[in-house]
Amino acid sequence: MAPVNGTFQRTISALVQDKPGVLARISGLFRRRGFNIASLAVGRSERVGMSRMTFVVEGPDAVVRHVAAQLDRLIDVVEVYDITEQNIVWRELALIKIAAPAASRSEVLELANVYRANVIDIGVESLTLEISGGRQKIDSLIELLKKFGLLEVIRTGRVATLRGTLVEGEDDGLYQADASNPTYVLPITTGESGSV
Amino acid sequence: MSKYLSGSQIVCEALLNEGVNVVFGIPGGAILPLYGVLSQYPDLRHILSRHEQGAAHSADGYARSTGKVGVAFATSGPGATNLVTGLATAMMDSVPMVAITGQVGRSAIGTDAFQETDITGATLPVTKHNYLVMRAEDLGATIHEAFHIARTGRPGPVLIDIPKDVFTEMGDYDSSAHIDLPGYNPPGKAEESQVEAAAALINESERPVILAGHGVVLSRSWDELKQLAEKAQIPVVTTLLGISSFPEDHVLSTGFPGMHGMAYASLAVDQADLIINFGSRFDDRIVGDAKRFSTGSKKIHVDIDPAEINKSIQVEAPVIGNIKDVFAQLLPKVKPNTHVDWLQHIEHLKAEHPSLRIPESDRLMGQHVVKALSDVTKGDAIITTGVGQHQMWAAQHYQFTNANSWLSSGGAGTMGYEVPSAIGAQVGNPDKLVWSICGDGGFQMTLMELATAVENNLPVKYAILNNNHLGMITQWQGLFYDGDYQAETYTANPDFVKLADAYGMKGIRVTSQDELESAIAEANAHDGPVIVDFVIEKVDDLYPMIPAGQSVKELIEDPN
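All values derive from a computational prediction rather than experimental measurement.

### Concerning the sheet that holds strand β16 (residues 434–439) of chain B
All names here are of chain B.
Thought 1: Strand order in the open sheet formed by six strands is β15-β14-β16-β17-β19-β18, with parallel pairing between adjacent strands. Looking at the sheet topology across the chains shown, the edges are occupied by β15 (406–407) and β18 (506–510).
Thought 2: Relative to strand β19 (residues 530–535), strand β17 (residues 461–466) runs parallel, the two being bridged by six bridges. Paired with alanine 463 across the bridge in β19 is valine 532.

See the structure below:
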């Protein structure tokens, strides 16, 4: 993945046993091997007793390329894939609570509509939106909502999966690897929307 | 077949079913229920250590010298934390061990109870895996899993923490229960394509060197290594921990390269066109500056741990598999060869850069002691060492001819490893001669284990290379800190001969070269533990040396 401020990001998907202490084992490994977690999402998987984790890790390229191999050494990690250079689709989710008195409410709702965000809670003075998508789509909505008064922003980490098709998603930006040359450094791309 | 037993009984039965017949440990409150059933299991010999670090290193020495899993017991809190250095040592050197610790009762966990430490949390980075077992009925399966994990794949230490009331709880134990570890699939045979690629590189190379690491020893593949080296006439260098994987009196034996290795070994690695690495992790003490390490060679890296491939050195041909299996796959594909020119060149390097010059001095030097030990024992002893100058002199000047006869803390660099590891080695090899080569610094870190040797009538011979200094520190402060010597002199060493007497051991002091052989022979002849206090020259720098992070270009062969 393209370097950002001299560090590289990699996206890792892991299936792990749902046991106490698994997260501590993984976070401890990341800390002592010098991997920085940019985001982490965990939840139950389709397999009983297993959770799926999606990590985005940052660090020098030579270091973060070993994340998957190091994770695989952990006994509780059942499967791990570095999907950075794969054809993936990903999403983040955000809950955004905004000041929305009657005077500005319709404008907020209009923006929400354009961004396909759902209103999940509404009060007299505020409302809460739910939006999913790529990081830039969410960043962009948050930026636009700032002038109304952001009360709270809660974001998940990235979740990702391999695409079921060989056709690349137009806006999936970062999938531009040259598979025949694994050391190829990906160009900086825009449009990290993750939408199809 | 299922049995209904107490947690303590399950632990003992499961250990026996794993083939364990000796454990090293010290009791304490939380693990007392386990000690309470030991008398029911006379086949489980318990050796009472004097410090838990000693128990861990003894289990480690036992494991390395026998190839079996070493077992240590300790209680909760400080008992368990005292194991940590021993676990870290075993982890760095991939030694199969199982540590069983007592924990406070289940209801007290997390309350800062007396002698409570979160030992599974504390040992996460220094164990291959660890467990906190909360039900007696889970104990059997957990212990069998732990042994499976400790001894397979890349071996390592596993810790099992057991709350006091789980030892006394009753539960079912089924010794035939199947191990279910979906996330653990240690490699066996390598992929055929990887072996083919490696064989092709070997067959076309003109200047190959085998780098034999600890993996060869751990997988007990020394016979296969010799077959391969002889078939294609490839010189063999070992890593520090690869020492004793290849007989050093063999014509193809080319020493060990790296920071304090032989100059000819470092030069051979540097000038090779192919490095065939069997089970070494290209450690920084071998590699130095990775950018300038053997730049003219292609590299084959055979390792059981995929995470080691391309970690520090990029290789052309990775081969992931159990080294023993890989040798079996590789041997028929490697063509007989002679490499006459290259071997002549290696002989030339050995003659030009002898590296192991023993100082011509009337005084007693560390090298003299090790050379005499090697000569008198004919390379036939198991040697353990600590860390520092004495360790390197032992590695350089003892000629190892027996497989798996060198036990040293390579990765962790644990001073004090020498004293208890020798006890473990002697317990595991009662008929062999065990010499522990010690520095006076490291010896004093674990000397309380002498009582363990005496109590169990273990005839370990301790050779203290006594210079009243932390010799390697003296050397580094001289070389890299402008001779600003700080905290490297021991002005109050005990009289080690009197100390031997106090422990009920034989003590001998040697102060000159002409006493060496008779003193060593006297120690060998004594039927019991011995300390030989070799009073050696105070300051004597160790060479050859490649300063940390440098390359063979900066090799200092011998400034004198």
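### What to know about helix α15 (residues 340–352) of chain B
Residue and element names in this part refer to chain B.
Thought 1: A rise of 1.5 Å per residue sets the reference length of α15, with its 13 residues, at 18 Å; its end C-alpha atoms lie 18 Å apart and thus fit the reference within 8%.
Thought 2: Restricting attention to buried positions, one finds in α15 the residues Trp342, Ile346, Leu349 and Lys350. Within α15, the buried residues cover an arc of 100° as seen down the axis, which keeps them to one side. Exposed side chains of α15 directed beyond 90 degrees from the buried face belong to Val340, Asp341, Gln344, His348, Ala351 and Glu352.
Thought 3: Packing partners of the buried residues in α15 comprise α12 (263–271).

### Quick look at the nonpolar core
Thought 1: The biggest cluster of nonpolar side chains holds 182 residues, and the ones touching the most others in it are B:Ala72, B:Val98 and B:Ala463.
Thought 2: No other element matches helix α7 (residues 136–151) of chain B, which puts seven residues into this core.
Thought 3: Setting aside residues up to four positions removed in sequence, B:Ala72 forms contacts with B:Val23, B:Phe24, B:Gly25, B:Ala55, B:Ala56, B:Ala59, B:Leu83, B:Gly86, B:Met97 and B:Ala99.
Thought 4: Core analysis: the second largest hydrophobic core is formed by 12 residues, A:Ile96, A:Ala112, A:Leu127 and A:Ile138 among them.

### Digging into the confidence of the model for chain A
Residues and elements named next belong to chain A.
Thought 1: Within chain A, residue pLDDT values average 82, and 81% of them lie at 70 or more.
Thought 2: Mean pLDDT across the secondary structure elements of chain A bottoms out at helix α2 (residues 61–64), with 82, and peaks at strand β7 (residues 126–133), with 95.
Thought 3: Long-range and interchain partners of residues 170–196, a stretch whose pLDDT sits below 50, account for 46 contacts in this model, where long-range means more than four residues apart.

### Quick word on the domain arrangement of chain B
Residues and elements named next belong to chain B.
Thought 1: You can read the domains of chain B as domain 1 (2–174), domain 2 (192–352) and domain 3 (366–535).
Thought 2: Once you take the C-alpha centre of each, domain 1 and domain 3 turn out to be 29 Å apart.
Thought 3: Facing 24 residues of domain 1, the contacting portion of domain 3 comprises 25 residues.
Thought 4: Sorting the residues of the side of domain 1 that touches domain 3 by element identifies β2 (22–25), β3 (45–48), α3 (52–66) and α5 (84–92) as the ones contributing at least two each.
Thought 5: In terms of residue count, α3 provides more of the side of domain 1 that touches domain 3 than any other element does, 11 residues in total.
Thought 6: Here the residues of the side of domain 1 that touches domain 3 sort into eight nonpolar, 12 polar and four charged.

### Digging into the domain arrangement of chain A
Thought 1: Segmenting chain A into domains produces domain 1 (8–84) and domain 2 (91–155).
Thought 2: Inter-centroid distance (C-alpha atoms) of domain 1 of chain A to domain 2 of chain A is 31 Å.

### As for the packing of helix α9 (residues 192–204) of chain B against helix α14 (residues 323–330) of chain B
Residue and element names in this part refer to chain B.
Thought 1: As a packed pair, α9 and α14 sit with axes 10 Å apart at the nearest point and diverge in direction by 60°. The angle between the axes of α9 and α14 places the two elements in the oblique class. For the element pair α9 and α14, the recorded crossing hand is right-handed. Two secondary-structure elements touch here, α9 through Val195, Ala198 and Ala199 and α14 through Val326, Gln329 and Leu330.
Thought 2: When the residues that make up the contact of α9 with α14 are grouped by side-chain class, the tally is five nonpolar, one polar and no charged.

### Points about the interface of chain B and chain A
Thought 1: Listed by partner, the interface residues are 13 residues for chain B and 14 residues for chain A.
Thought 2: Of the residues that constitute the side of chain B that touches chain A, the class distribution is eight nonpolar, four polar and one charged.

### Here we look at helix α18 (residues 418–428) of chain B
Think of an α-helix as 3.6 residues a turn; residues three or four steps apart then line up on the same face.
Thought 1: For α18(B), the buried fraction is high: 11 of the 11 residues fall into the buried class.
Thought 2: Every buried residue of α18(B) is listed here: B:Glu418, B:Val419, B:Pro420, B:Ser421, B:Ala422, B:Ile423, B:Gly424, B:Ala425, B:Gln426, B:Val427 and B:Gly428.

### Observations concerning the environment of B:Ala425
Thought 1: For B:Ala425, the location among the structural elements is in helix α18.
Thought 2: For B:Ala425, the contacting residues outside a window of four places in its chain are B:Gly61, B:Tyr62, B:Ser65, B:Ile382, B:Thr384, B:Leu407 and B:Val434.

### What to know about the sheet that holds strand β11 (residues 274–278) of chain B
Residue and element names in this part refer to chain B.
Thought 1: The five strands lie next to each other as β10-β9-β11-β12-β13, forming an open sheet whose pairing is parallel. The outermost strands of the open sheet, each flanked by one partner alone, are β10 (236–238) and β13 (317–320). Geometrically, the sheet is characterised by an average inter-axis angle of 15° between neighbouring strands, direction not taken into account.
Thought 2: Here α12 sits on the sheet in contact with β9 (208–212), β10 and β11, set at roughly 115° to β10.

### Here's the deal with the packing of α3(B) against α18(B)
The relative placement of two packed helices is expressed as an angle between their axes plus a distance between the axes.
Residues and elements named next belong to chain B.
Thought 1: At a minimum axis separation of 6 Å, α3 and α18 run at an interaxial angle of 45°. Here α3 lies oblique to α18, going by the angle between them. Like other packed secondary-structure pairs, α3 and α18 cross with a definite hand, here right-handed. Residues Gly54, His57, Ser58, Ala59, Asp60, Gly61, Tyr62, Ser65 and Thr66 of α3 form the contact with α18, whose own contacting residues are Pro420, Ser421, Ala422, Ile423, Gly424, Ala425, Val427 and Gly428.

Calculation notes
Residues numbered from 1 in each chain as written. Chains lettered and ligands numbered in written order. Predicted model: local features only at pLDDT ≥ 70, side-chain atom pairs only at ≥ 80, totals over all residues. Pairing = 2+ DSSP bridges. Helix = DSSP H or I, 4+ residues; strand = E, 2+ residues; numbered from the N terminus. Expected span 1.5 Å × (residues − 1). Buried ≥ 20, exposed ≤ 12 C-beta atoms within 10 Å, placed from the backbone. Arc of directions from axis to C-beta. Contact = placed C-beta atoms within 7 Å. Core = buried A, V, L, I, M, F, W, Y, C linked by C-beta atoms within 7 Å. pLDDT = per-residue confidence, 0-100. Domains from an automatic or database assignment. Nonpolar A, V, L, I, M, F, W, Y, C, P; charged D, E, K, R; others polar. Axes fitted to C-alpha atoms, helices over the stretch in contact; angles between N-to-C directions. Parallel < 35°, antiparallel > 145°, perpendicular 65-115°, else oblique. Left-handed = near helix turned anticlockwise from the far one by under 90°.

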